Amino acid sequence: MTRLRAAIIGGGNIADKNHIPALSQLSEQVELVAICSRDRTKARALADKHSIEHAFDNTGELYQQCSPDVVVICTPNNLHYPQTMEALEHNCHVFCEKPPAISAQNARDMANLAAAKGRVLAYNFQLRQTSEWTLLTRCQEVGLLGDIYHIKAHFLRRRGIPGWGYFTNKAMQGGGALMDLGVHVLDLALCALGYPTPDQVLGNTYDFIGKAGGKGLMGSWNPQTFEVEDAATAYLSFPDKASIMLSASFALNTQTDKDRNLEIFGSKGGAKLFPFMLHTEIAGELADVQFPYLEETDIQLKNTAAFLDACRGKPSNVCTAEQGAILQEIVERIYQSAAS
């Protein structure tokens, strides 16, 4: 097997803690040859930490000197579009952090260029690789759920406004809790329904806590520069009458510090994802079936492997460019509904 040459754009925590370790464990398939960051000193330090040969502070040098086959993008949301388009123009496969972009048109342009170039563009929605999600898809395949017609999806933090980075900067991130957290569970909910496009979208966003300030559990934030939503809710309705109720929050006056889950309702059975429980009937009686022996799995490693499979033309469940474009359109419609 010829190893693919990979480069990472972005020298932050997600590159250091997620993508580089995953790529390193897949060294039989891929060789990580370069790090690119706006700060060359930072790029060099990260490259040295992981024994990577090249470090750059501009992408032009990266493509000229290294000619990568694969580019992994780990930068703020507003850079996903230009950096993905540049990588695709250099005939690279692209593995981009979520969300796809900060506008639906950007995500659609990215998908179109990937198709035109015959390159793989995929997004890092790692929850697809959890043991719970794998079990849910098997339950669907064997008919235990029947037709899924409603999903409640939420990713909530009580006081989890990040006190670092660019998470509260609208120009750089495009949004707040919905863009950062809600997209994870929205992706799963759409997958469970076959990734359809809704015909109706109703959304609301809030910034009461973010603008007021208060106790933070993920560092302190400046309410004077808080520019995004601290919570978002949405109702999506699809042409076959299936529906999704979506909730996401950086800050919400709720009991638990963090709550991330999906509840799935089907014509034959239902399920709760984390921890997985199947709601059904057995021998004429209502039953809740638990699965206490599901294995823990390295979801970043599995998602990176799924991306590399897609690059080699193998079956893969990684989030595709087309799915990313559909998701970004829905996110934009939620924001538009909330603003109207």
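See the structure shown above.
Computed from a predicted model, the values in this text were never measured in an experiment.

What counts, and at which threshold
The written sequence of each chain sets the order in which its residues are numbered from 1. It should be noted that, the model being predicted, local features are given only for residues of pLDDT at least 70 and side-chain atom pairs only at 80 or more, the latter also being counted only at that level, while totals for whole chains, interfaces and linings use all residues. The side-chain figures draw on all heavy atoms in the structure; neither hydrogens nor water molecules are used. Strands are runs of DSSP state E lasting at least 2 residues, helices are runs of H or I lasting at least 4, and numbering of each runs from the N terminus. The size measure is the radius of gyration over C-alpha atoms, and the globule rule it meets is 2.2 Å times the number of residues to the 0.38 power. Contact definition: two residues touch when any of their heavy atoms are within 4.5 Å. A patch is a set of surface residues, each over 30% in relative accessible area and not in a salt bridge, joined within 9 Å for like charges and within 5 Å for the nonpolar side chains Val, Leu, Ile, Met, Phe, Trp and Tyr. Each accessible area value is a Shrake-Rupley result obtained with a 1.4 Å probe; residue values ignore everything except the protein chains displayed when judging cover. Within this document, salt bridges are pairs made up of a side-chain nitrogen of Lys or Arg and a carboxyl oxygen of Asp or Glu, the two lying within 4 Å of each other. Think of it this way: DSSP has to see at least two bridges between two strands before they count as a pair. Whenever a helix is involved, its axis is fitted only over the stretch in contact; in every case the axis is a line through C-alpha atoms, and angles between N-to-C directions fall within 0 to 180 degrees. Each residue's exposure class comes from its accessible area (1.4 Å probe, protein chains only) as a fraction of the maximum for that residue type: buried when under 20%, exposed when over 50%, partly exposed otherwise. Left-handed describes a crossing in which the near helix is turned anticlockwise from the far one by less than a right angle; the clockwise case is right-handed. Residue classes follow a fixed rule: Ala, Val, Leu, Ile, Met, Phe, Trp, Tyr, Cys and Pro count as nonpolar, while Asp, Glu, Lys and Arg count as charged, and any other residue, Gly among them, counts as polar. Detection works on a 1 Å grid of protein atoms alone, calling trapped sets that fit a 1.4 Å probe cavities and calling open sets with protein on both sides within 12 Å along at least five of seven lines pockets, with lining residues defined by an atom within 4 Å of a point. Grid points are joined across faces, edges and corners, and a volume is the space filled by probe spheres set on the points. Throughout, nonpolar core names a set of buried Ala, Val, Leu, Ile, Met, Phe, Trp, Tyr and Cys residues whose side chains join them through atoms within 4.5 Å.

Asker: Help me out: how do you make sense of the overall build of the protein in this one?
Answerer: The helix and strand inventory of the protein stands at 11 helices and 15 strands. Over its C-alpha atoms the protein spans a radius of gyration of 20 Å, differing by no more than 12% from the 20 Å that the globule rule assigns to 340 residues. Seen through its principal axes, the protein has C-alpha atoms that stretch 65 × 50 × 35 Å. For the protein, long-range pairs separated by at least 24 residues make up 73% of all intrachain contacts whose partners lie at least 6 apart in sequence.

Asker: Is there a simple way to think about a nonpolar patch on the surface in this case?
Answerer: A cluster of nonpolar side chains, Leu 202, Tyr 235 and Met 245, forms an exposed patch at the surface whose accessible area comes to about 300 Å². Turning to its location among the elements, Met 245 is positioned in strand β10 (residues 243-249).

Asker: Before we go on, may I ask you to explain the sheet that holds strand β13 (residues 277-282) in this structure?
Answerer: Strand pairs in the sheet, formed through backbone hydrogen bonds, run parallel or antiparallel to each other. Taken together, eight strands build an open sheet; the order of strands is β8-β9-β10-β7-β11-β12-β13-β14 and the sheet is mixed. Two strands lie at the open edges of the sheet, namely β8 (200-206) and β14 (285-290), each paired on one side alone. Between one strand axis and the next, the sheet turns by 10° as a mean value, whatever way the strands run. In terms of strand pairing, strand β12 (residues 270-272) meets β13 through three bridges, oriented antiparallel. The partner of Gly 270 across the bridge, within β13, is His 279. Against the sheet, helix α11 (residues 321-339) makes contact with β8, β9 (231-237) and β10, and its axis sits at roughly 65° relative to β8, the strand it touches most.

Asker: Quick question: what am I supposed to make of the pattern of salt bridges here?
Answerer: When their charged atoms lie close together, side chains carrying opposite charge are able to pair. Under the criterion given, the structure shown has 12 salt bridges. A salt bridge links Asp 16 to Lys 49; the nearest nitrogen and oxygen atoms lie 2.9 Å apart. Taken together, the residues span a long stretch of sequence, with Asp 16 in helix α1 (residues 13-25) and Lys 49 in helix α2 (residues 40-49) at a distance of 33 residues. You can call Asp 16 buried: its relative accessible area is 13%.

Asker: In this structure, what is going on with the packing of α1 against helix α10 (residues 299-311)? I would like to understand it.
Answerer: Geometry of a packed helix pair, given as the angle between the helix axes and the separation of the axes. Two elements in contact, α1 and α10, have axes separated by 9 Å at closest approach and are oriented at 65°. Between α1 and α10 the crossing geometry is right-handed. For the pair α1 and α10, contact is made by Asn 18, His 19, Ala 22, Leu 23 and Gln 25 and by Gln 300, Leu 301 and Thr 304, respectively. Partitioned by chemical class, the residues of the contact of α1 with α10 number three nonpolar, five polar and no charged.

Asker: Is there a simple way to explain the environment of Met 245 in this structure?
Answerer: The class of Met 245 is partly exposed, set by a relative accessible area of 41%. Considered as a pair, Met 245 and Met 85 are 160 residues apart in the sequence and their alpha carbons are 33 Å apart. When neighbours within four sequence positions are excluded, Met 245 is seen to be in contact with His 150, Ile 151, Lys 152, Ala 153, Ala 234 and Tyr 235.

Asker: Looking at this structure, I do not really get the sheet that holds strand β3 (residues 54-56). What am I missing?
Answerer: Across the sheet, seven strands lie side by side as β3-β2-β1-β4-β5-β6-β15; this open sheet has mixed pairing. With one partner strand each, in any of the chains shown, β3 and β15 (319-320) form the two edges of the open sheet. Inspection of the sheet shows strand β5 (residues 93-96) paired to strand β6 (residues 121-123) by three bridges, in the parallel sense. Across the sheet, Val 94 pairs through a bridge with Leu 121, a residue of β6. Most of the contacts of helix α4 (residues 77-89) go to β5, to which it runs at about 160°, and overall it touches β1 (4-9), β4 (70-73), β5 and β6. Against the sheet, α10 contacts β1, β2 (30-36), β4, β5 and β6, and its axis sits at roughly 155° relative to β5.

Asker: Explain the layout of surface pockets to me, please; I cannot follow it from the model alone.
Answerer: Over the atoms a probe the size of a water molecule is rolled, and this reveals where empty space is left. Here the largest pocket defines a volume of roughly 1,200 Å³. As for the largest pocket, its lining consists of 43 residues, and the residues nearest its centre are Asn 13, Ile 14, Cys 74, Trp 164 and Phe 167. For the lining of the largest pocket, the secondary structure elements donating two or more residues are α1, α4, β7 (148-157), α8 (177-192) and β11 (258-266). Split into classes, the residues belonging to the lining of the largest pocket amount to 17 nonpolar, 16 polar and 10 charged. What the second largest pocket holds in volume is close to 250 Å³. Along the wall of the second largest pocket there are 17 residues; nearest its centre are Glu 132, Pro 275, Phe 276, Leu 294 and Glu 296.

Asker: Explanation requested: the nonpolar core in the structure shown.
Answerer: Generally speaking, a soluble globular protein has its nonpolar side chains buried in company with each other. Grouped together as the largest cluster of nonpolar side chains are 80 residues, with contacts concentrated most on Leu 62, Leu 236, Leu 246 and Leu 262. Here the element with the most residues in this core is α8; it accounts for 11 residues. If sequence neighbours within four positions are ignored, Leu 246 has contacts with Ala 153, Leu 178, Gly 182, Val 185, Leu 186, Ala 232, Thr 233, Ala 234 and Ile 334. With 27 residues, the next largest nonpolar core counts Leu 4, Ala 15, Leu 23 and Ile 52 among its residues.

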